[in-house]
Amino acid sequence: MKSETSFDLDGDLIVVDAVVVGPTGRASVHLILDTGAVLTTLVPAIAESIGYTSVTGITPTVTRTAAADERGYLIQLVELAALGVTVPAVHANVADLGYGVDGVLGMNFLLDFNIEIRPSERRILVERIAP
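For every chain, the first residue of the written sequence is number 1, and numbering continues from 1 along that sequence. This being a predicted model, a pLDDT of at least 70 is required before a residue's local features are given, and a value of 80 or more before pairs of side-chain atoms are given or counted; all residues contribute to the totals for chains, interfaces and linings. Excluding hydrogens and water, the side-chain values take into account all heavy atoms of the structure.

### Some details on the pattern of salt bridges
Inference 1: Each reported salt bridge corresponds to a side-chain nitrogen of Lys or Arg within 4 Å of a carboxyl oxygen of Asp or Glu. Taken as a whole, this structure holds four salt bridges when the rule is applied.
Inference 2: Salt bridges here are not isolated pairs; linked through shared partners, they connect E4, E116, R118, E121 and R123.

Written out as structure tokens, the structure is:
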């Protein structure tokens, strides 16, 4: 399966539209595509809006940013749709990123796909890796 999606730039950052689904709702979000992030991350306000709290989280986490160490918690999303594909049961870190973004789309989402980023065309091509 192949798909193509467009993206916006925020400065030099690639921003993609996504939909996150939790136990009590769904939210449309703007995520920074971050191949340097191990885990997809959401800010607490987004996680809470779809039914997650630190009490319902799987385990506490610490996110190391350039500014500080942010304490958070790990969740398992019902599903995450981004880049033209939908993936069920994606883990996400919940932490305050402090940059005015909804979160980052990390490698735990991207690893099942070959992706080609075409910055000058503002397109991302995605192909699911056959099992």
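### Points about the environment of I58
Inference 1: Within the secondary structure, I58 is located in the loop between α1 (44–49) and β6 (59–64).
Inference 2: Separated by 33 residues in sequence, I58 and G25 have C-alpha atoms that sit 19 Å apart.
Inference 3: If we skip the residues at most four places from it in the chain, I58 touches L74, I75, Q76 and H91. Where helices and strands are cited, they refer to DSSP runs of H or I of at least four residues and of E of at least two residues respectively, numbered from the N terminus. Contacts were defined at the residue level, with two residues in contact if any of their heavy atoms lie within 4.5 Å.

### Observations regarding the sheet that holds strand β13 (residues 123–128)
Inference 1: In spatial order, the strands read β1-β13-β12; together these three strands make up an open sheet with antiparallel pairing. With partners counted over all chains shown, the strands left at the sheet margins are β1 (2–6) and β12 (113–118), one partner each. Sheet twist, expressed as the mean angle between neighbouring strand axes with direction ignored, is 20°.
Inference 2: Note: β12 against β13, six bridges, orientation antiparallel. Whether two strands pair comes down to DSSP finding at least two bridges between them. Note on method: axes are straight lines fitted to C-alpha atoms, helices fitted across the in-contact stretch only, with angles between N-to-C directions ranging 0 to 180 degrees.

### Focus: the confidence of the model for the chain
Inference 1: Here the chain averages 92 in pLDDT, and 98% of its residues register 70 or above.
Inference 2: The pLDDT value expresses, per residue, how confident the predictor is, ranging between 0 and 100. Mean pLDDT in the chain bottoms out at β6, which sits at 84, and peaks at strand β8 (residues 79–82), which reaches 98.

### Points about the pairing of strand β7 (residues 69–76)
Inference 1: As defined by bridge partners, β6 adjoins β7 across six bridges and the pair is classed as antiparallel. Counted as the bridge partner of T59 is L74 from β7.
Inference 2: Judged from the four bridges that link them, β7 and strand β10 (residues 91–94) form a sheet pairing that is antiparallel. In the sheet register, Y73 faces β10, and the bridge partner there is V94.

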